[in-house]
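Tertiary structure, described
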Amino acid sequence: MLKEMGRTSLAVLVILCVLRTVKAFEMEIVPAERIVAQIGNTLILTCNTTGCASPSFSWRTQMDSPLGGKVSNYRTYSTLTMNPVSIVNSHSYLCTVMCDDREKKEKSVKVELYSFPSDPVIEISPSLVAGEEATVICKIPDVYPSHHLEVLLKKDEHVLREKKFFEDDSTNTETKTVTHTFHPTATDIGKEITCVARLLIADMDFEPKERTSSQKLNANFGPQNTDIAASPGSSPMEGDTLNLTCVTQSNPPAKIVWSKYLAEESIQHLINNDVLSIPHVHFNDSGRYICEVINPVTNKTDKAAMDIIIQGAPVITKLSIEPSTTVQEGENVSIQCSAESNPAPKIILRRKSDNADMRPYSAGSILLPSVMFQNGGDYECLAENKFGKSKSEITLNVNYGPKNTMITVIPTAALKEGETVTMKCTSSGNPAPVISWKKKKANGESEKIFKNATLTIRNLQSQDLGLYECEAYNRFGKEEKAVKLYVQGLEEPDQMIPLIIAFSSVAAVVVPAVAILIYVSRQAKINGSYSLVKALRLKV
């Protein structure tokens with residue numbers, strides 16, 4: 001009896017344990033209750049069951065609209081896949097589960113949609129020109145629902161345009177645009193155009209709710225405000241390095257051409273560069289320099305000019321004699337001197353000779369009509385200003401025939417037979433004359449006896465008496481002088497007074513006769529000595 005009661009209690013206990021381990025039939029939808037999905041993405045709804053060995057599943061919308069998705073059933077769960085999510089998926093979805101055809105359970109989930117897939121797109125006119133009308137467009141692609149969209153268009157921190165689409169009634173995704181027209185300036189270059197789009201939907205949790213795009217402005221303009229900067233300045237000293245810089249405002253950068261005005265309004269092209277560098281400037285670098293700029297996009301041009309004046313001490317640029325530095329007496333001669341400097345130099349042209357008849361010439365030129373041999377010599381040109389002075393020399397060589405030929409007899413005191421007599425012939429000319437001596441023979445012919453300026457007769461004898469001729473010669477002419485040694489008797493008791501008489505003649509030209517000492521030696525007994533008559537007679 002007790003054994004049977006024990007077995008009965010154990011069976012009851014086992015049945016109770018089995019009943020306690022069997023779960024109740026339950027279901028759930030994941031995600032639960034409310035789902036926020038972006039159009040274009042993939043959404044999977046999962047309907048799970050517990051406590052049912054063989055559940056059956058079904059999906060529908062509360063409005064019995066198309067599911068817009070694919071249903072997949074598994075042993076204990078079912079999925080509804082929407083790929084991609086579209087506007088037709090904006091519903092409340094109901095999942096119904098039947099367990100062994102005896103018990104049914106249902107749960108629903110609401111799918112709320114939005115579309116805010118990408119950042120705004122900014123479009124700006126491709127070639128903005130400063131001062132000309134330009135348009136900026138901000139596009140917000142595939143937005144939904146657009147009546148919650150707010151758009152802000154800014155330039156840096158300055159608001160250009162603000163637009164709210166609250167009254168929009170679009171039922172699908174749309175690209176919304178905001179357009180702004182303005183006139184860009186040169187100062188706008190580098191500034192940012194920013195488009196801020198906000199999709200603000202209350203009680204809808206998604207990110208991001210704000211998207212931003214920016215683009216830098218690049219307006220073409222100019223050239224304008226063109227100017228020239230000179231270093232070390234517009235009046236540099238001769239020998240300095242001059243740098244001229246062309247400064248302009250232009251976008252894109254302008255092409256630059258340097259040129260210089262020449263005589264007769266012609267223009268000399270120099271270089272294509274923003275800096276014109278001239279090392280070791282000279283006075284002839286003075287002038288007007290032009291910087292011309294052109295924008296290859298706007299096709300506009302601008303230019304600037306600057307006058308450059310090179311300063312410095314004078315530089316003698318010309319010192320000349322016309323027709324030549326070597327002329328013949330009687331020609332017309334012009335001596336010219338010129339110099340350049342800034343400020344203008346004072347020029348003095350003169351002959352270096354100290355002759356009283358010469359004077360300084362300040363006009364930079366000397367005219368010598370029918371030049372004379374006295375005009376020959378060294379001439380100097382002196383140019384001076386406040387920065388310094390410069391000097392140059394030139395020689396005028398005047399060719400002329402022999403002139404002022406003279407004979408000198410030495411000694412002039414009393415001579416004795418057997419002593420030495422020296423006769424010296426001098427003459428001027430250019431080139432220097434060649435001097436020779438001749439002596440008249442008894443038959444009247446002249447015989448060349450010596451080729452030198454000085455004729456010396458040693459051991460004077462009677463046969464040395466006679467007419468001596470001095471000839472001075474160069475390629476421009478000749479001149480002759482003569483001297484005669486002879487004896488003229490005077491009435492004196494017991495003695496013969498020696499008398500020296502001079503004759504002179506000119507072969508090429510007639511000139512006044514000049515008394516030259518002529519010594520006629522003759523032996524006389526005057527207390528054993530010779531006397532020189534002081535009173536000389538001139539015979540022609």
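1. Things to note about the pattern of salt bridges
Taken as a whole and assessed by the stated rule, the structure comprises 21 salt bridges. The closest approach of N and O atoms between Glu103 and Lys105, which form a salt bridge, is 3.8 Å. The exposure class assigned to Glu103 is partly exposed, which follows from its relative accessible area of 36%. Among the salt bridges present, the one from Lys139 reaches Glu123, with a minimum N-O distance of 3.1 Å. Separated by 16 residues along the polypeptide, Lys139 in strand 11 (residues 134–143) and Glu123 in strand 9 (residues 121–124) bring together distant segments of the chain.

2. A look at the nonpolar core
Ranked by internal contacts, the top residues of the largest apolar core, which has 26 residues, are Ile140, Leu149, Val151, Ile193 and Leu199. Secondary structure elements with two or more residues in this core: strand 9, strand 11, strand 12 (149–155), strand 14 (174–182) and strand 15 (192–199). Among the elements that take part in this core, strand 11 stands out by supplying five residues, more than any other. Residues Leu80, Val85, Cys95 and Val111 belong to the second largest nonpolar core, which totals 24 residues.

3. Considerations on the side chain of Glu380
Structurally, Glu380 is set in strand 29 (residues 377–385). Beyond its immediate chain neighbours, meaning those up to four positions away, Glu380 contacts Ile348, Leu349, Arg350, Lys352, Lys391, Ser392 and Glu393.

4. Thoughts on the packing of aromatic side chains
Each pair of aromatic rings is reported with the distance of its centres and the angle of its planes. Applying the stated criterion to the full structure yields three aromatic pairs. Ring centres of Tyr114 and Phe206 lie 4.0 Å apart, and the angle between their planes is 20 degrees; this geometry places the pair in the stacked category. Taken as a pair, Tyr114 in strand 8 (residues 103–114) and Phe206 in the loop between strand 15 and strand 16 (210–216) lie far apart in primary sequence, 92 residues in all. Exposure remark for Tyr114: the relative accessible area of 8% places this residue in the buried category. On the basis of relative accessible area, Phe206 is assigned to the buried category, the value being 5%. Its end group placed over the ring of Phe206, Lys209 keeps NZ or CZ at 5.5 Å from the ring centre. It is Arg211 that lies over the ring of Phe116; its NZ or CZ is 5.7 Å from the centre.

5. Examining the sheet that holds strand 4 (residues 55–61)
Across the sheet, which stays open at both edges, the four strands sit in the order 2-8-7-4 with mixed pairing between neighbours. In this open sheet, the two strands that pair with only one neighbour each are strand 2 (34–38) and strand 4. Within the sheet, the average angular offset between the axes of one strand and its neighbour, ignoring direction, is 25 degrees. As judged from the eight bridges shared by strand 7 (residues 92–99) and strand 8, these two strands associate in the antiparallel manner. Paired with Met98 across the two strands is Lys104, which belongs to strand 8.

6. Remarks on the confidence of the model for the protein
Do not read the fine detail of predicted coordinates wherever pLDDT is low. On average, residues of the protein score 82 in pLDDT, and 83% of them reach the 70 mark or higher. Predicted confidence is poor over residues 7–20, with pLDDT under 50, and the contacts of this stretch with residues over four places away or in other chains come to zero contacts. In the predicted structure, residues 487–540 sits below a pLDDT of 50 and forms 118 contacts with residues beyond four places in sequence or in another chain.

Quick notes on the rules
Residues numbered from 1 in each chain as written. Predicted model: local features only at pLDDT ≥ 70, side-chain atom pairs only at ≥ 80, totals over all residues. Heavy atoms only, no water. Salt bridge = Lys/Arg side-chain N within 4 Å of Asp/Glu carboxyl O. Buried < 20%, exposed > 50% of the residue type's maximum accessible area, 1.4 Å probe, protein only. Helix = DSSP H or I, 4+ residues; strand = E, 2+ residues; numbered from the N terminus. Core = buried A, V, L, I, M, F, W, Y, C linked by side-chain atoms within 4.5 Å. Contact = heavy atoms within 4.5 Å. Phe/Tyr/Trp six-rings, centres within 6.5 Å; stacked < 30°, edge-to-face > 60°. Lys NZ or Arg CZ within 6 Å of the ring centre and 35° of its normal. Pairing = 2+ DSSP bridges. Axes fitted to C-alpha atoms, helices over the stretch in contact; angles between N-to-C directions. pLDDT = per-residue confidence, 0-100.

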